[in-house]
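# What the coordinates show
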Amino acid sequence: MIKGMDIMNQLDVKKRLTQFFCMWIVLAALISGCTENIQLDLETVEQRLVVDANITSQEKIHYVRLTESVPFFSDSASPPVSGATVLISDGIRTESLTESREMPGYYLTSEIFKGEPGTGYSLSVSNVDINGDGESETYSAFSRMPGVSAPDSIDLVYDEDWDVWKILLYAQEDPETDDFYLFRLLKNGTLISNTISEYSVVSDKFFDEGKADGIWVQSIDASQESGDFEEGDVITLQMGGITEEYFDFIEAVQQETRGQYPLFSGPPANVPGNVSNDALGFFTAFSVSYVSFWYHEGEDYSEE
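Reading the values: rules and limits
- Residues numbered from 1 in each chain as written.
- Predicted model: local features only at pLDDT ≥ 70, side-chain atom pairs only at ≥ 80, totals over all residues.
- Heavy atoms only, no water.
- Helix = DSSP H or I, 4+ residues; strand = E, 2+ residues; numbered from the N terminus.
- Buried < 20%, exposed > 50% of the residue type's maximum accessible area, 1.4 Å probe, protein only.
- Contact = heavy atoms within 4.5 Å.
- Areas by Shrake-Rupley, 256 points an atom, 1.4 Å probe, with all protein chains shown as cover.
- Patch = residues over 30% accessible without salt bridge, like charges linked within 9 Å, V, L, I, M, F, W, Y side chains within 5 Å.
- Salt bridge = Lys/Arg side-chain N within 4 Å of Asp/Glu carboxyl O.
- Lys, Arg positive; Asp, Glu negative; His and termini not counted.
- Charge placed at Lys NZ, Arg CZ, Asp CG, Glu CD.
- pLDDT = per-residue confidence, 0-100.
- Pairing = 2+ DSSP bridges.
- Axes fitted to C-alpha atoms, helices over the stretch in contact; angles between N-to-C directions.
- Core = buried A, V, L, I, M, F, W, Y, C linked by side-chain atoms within 4.5 Å.
- 1 Å grid on protein atoms, 1.4 Å probe; cavity = no way out; pocket = protein on both sides within 12 Å on 5 of 7 lines; lining within 4 Å.
- Points joined across faces, edges and corners; volume = space filled by probe spheres on them.
- Nonpolar A, V, L, I, M, F, W, Y, C, P; charged D, E, K, R; others polar.
- Phe/Tyr/Trp six-rings, centres within 6.5 Å; stacked < 30°, edge-to-face > 60°.
- Lys NZ or Arg CZ within 6 Å of the ring centre and 35° of its normal.

Let us look at the overall build of the protein. Within the protein, the secondary structure is distributed over two helices and 16 strands. Burial status across the protein gives 36% buried among its 304 residues. Counting only contacts in the protein whose residues sit at least 6 apart along the sequence, the fraction spanning at least 24 positions is 65%. Accessible surface, the protein as shown: approximately 19300 Å² in total, 52% of it carbon and sulfur.

See below:
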């Protein structure tokens, strides 16, 4: 009986080993079938002009930045475009910009230049040869400057869940028009939201019949140096009246820079701008208004 049990155990062991090896063969086949060397044939496109330009209703030095595009997987910085002729015109007056000696590719207006709400502005860039064919190219763009109402006030509240300082806006605007706004922040006079990824754009559809009653429009990361406040610090909100086209452009840029989900979504593409001759980037004119908040130690800024 014991001998018979040994034979049965041996047969059972052999059966289990056979099943194990069969499963291993199938698994190995599946794994080998899922591994395939893929050669990416990345198309090399010709260089294009990249324009970063805006003018506001504030009297100050404005700039137009010109660079050349680089391939998507390149780790080199975009080279500046020097020696261009850059003009901004409202149809009556023309401002000729001067290239900065310290920052090649940056073209500056005079320090008294400012735009007027309701006025259209044209940008012209010439005397450049981006594609290297030996012939000079000309680029142009147009933007009309919308108006903007002055905000009434802002509040600063701390959100523990997000670990951010929220900027809440109180303002009024015309409920009969479709308006779009850009919000940037300054701390003690220094711009702290100085890249497009840190901009905030809002449509007035979030206003209740033309009234913003504590709308969350900007944030400051409490873990960063800009979110470390001391007595007397001044937080200033810049509210800009922008065009719908610039609103769409900023949203598209922010969507591209945040990455694509799910993982195997389509490849990123160049965000459409408003500059002619197949250039990249955007030229915009927007009016600005400001409102400030003074931080006082000891006050309770926690969100209710």
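Another point: a negative patch on the surface. Taken together, the side chains of Glu225, Asp228, Glu230, Glu231, Glu297, Glu299, Asp300 and Glu304 define an acidic patch exposed on the protein surface. Within the secondary structure, Asp300 sits in the segment after β16 (280-294). You can call Asp300 exposed: its relative accessible area is 64%.

A few words on unusual backbone geometry. The phi torsion at Asn127 lies on the positive side, around 65°, for a residue other than glycine. Considering the arrangement of structural elements, one finds Asn127 in strand β7 (residues 120-128). Although it is not a glycine, Asp163 sits at a positive phi angle of roughly 55°. Tracing the backbone shows Asp163 in the loop between β9 (153-159) and β10 (164-172). On the basis of relative accessibility, which here comes to 30%, the residue Asp163 falls in the partly exposed class.

Taken as a whole, the protein shows an average pLDDT of 86; of its residues, 80% reach a score of 70 or greater. Throughout residues 1-18 the model reports pLDDT below 50, and contacts reaching past four residues in sequence, or to other chains, amount to zero contacts.

Residues in a regular strand project their side chains so that they alternate between the two faces of the sheet. With burial as the criterion, each face of strand β13 (residues 200-203) is covered, one bearing Ser200 and Val202 and the other bearing Val201 and Ser203. Pairing between strand β11 (residues 180-187) and β13: four bridges, direction antiparallel. Residue pairing for β13: Leu182 is matched across the bridge by Val201.

Right, let's talk about the sheet that holds β9 for a bit. In space, the three strands of this open sheet follow the order β9-β10-β14, with antiparallel pairing throughout. Where the open sheet ends on each side, the last strands, each with one partner, are β9 and β14 (211-221). Sheet twist, expressed as the mean angle between neighbouring strand axes with direction ignored, is 25°. Here β9 runs beside β10; their pairing, made up of seven bridges, is antiparallel. Within β10, the position partnered with Val157 by the bridge is Lys166.

Turning our eyes to something else, we now look at the nonpolar core. Counting residues in each nonpolar core, the largest one holds 25 residues, and the members touching the most others are Leu49, Val64, Leu66, Val86, Leu123 and Val125. Looking at this core, the elements with two or more residues in it are β1 (49-56), β2 (63-68), β3 (85-89), β7, β8 (137-144) and β16. Among all residues touching Val125, those that are not within four sequence positions of it are Leu49, Leu66, Ala84, Thr85, Val86, Glu137, Thr138 and Tyr139. Ile154, Ile167, Ala212 and Tyr295 belong to the second-largest nonpolar core, a separate cluster that totals 23 residues.

With that out of the way, let us pick up the layout of surface pockets. Its boundaries defined by the atoms lining it, the second largest pocket holds a volume of some 630 Å³. When contributions to the lining of the second largest pocket are tallied by element, the ones reaching two or more residues are β13, β14 and α2 (244-257). Counting residues per element, the lining of the second largest pocket draws most heavily on β14, at seven residues. Broken down by class, the residue content of the lining of the second largest pocket amounts to 11 nonpolar, 10 polar and five charged.

It is worth spelling out the packing of aromatic side chains at this point. Evaluated as defined, the whole model comprises 14 aromatic pairs. Each ring, one from Phe180 and one from Phe247, has its centre 5.0 Å from the other, and the planes form 50°; the classification is tilted. With a gap of 67 residues between them, Phe180 in strand β11 and Phe247 in helix α2 connect regions that are remote in the sequence. Judged by its relative accessible area of 13%, Phe180 is buried. By relative accessible area, Phe247 is classed as buried at 9%. Here Tyr181 and Phe183 contribute two aromatic rings whose centre-to-centre distance is 6.4 Å and whose plane-to-plane angle is 40°, an arrangement assigned as tilted. Through a chain of ring-to-ring contacts, three or more aromatic side chains come together here, namely Tyr158, Trp165, Phe229, Phe293, Tyr295 and Tyr301. Sitting above the plane of the Trp216 ring, Lys166 keeps its charged end 4.1 Å from the centroid.

Turning our attention to the pattern of salt bridges. Inspection of every chain in the model, using the stated rule, returns four salt bridges. A salt bridge links Asp278 to Arg48; the shortest N-O distance between them is 3.1 Å. In this pair, Asp278 is assigned in the loop between α2 and β16 and Arg48 in the loop between α1 (2-34) and β1, connecting sequence segments 230 residues apart. Notably, a salt bridge pairs Lys166 with Asp159, separated by 3.0 Å at the nearest N-O pair. Lys166 sits in the buried class, given a relative accessible area of 9%. What you see here is one network of salt bridges that share partners, running through Asp159, Lys166 and Glu303.

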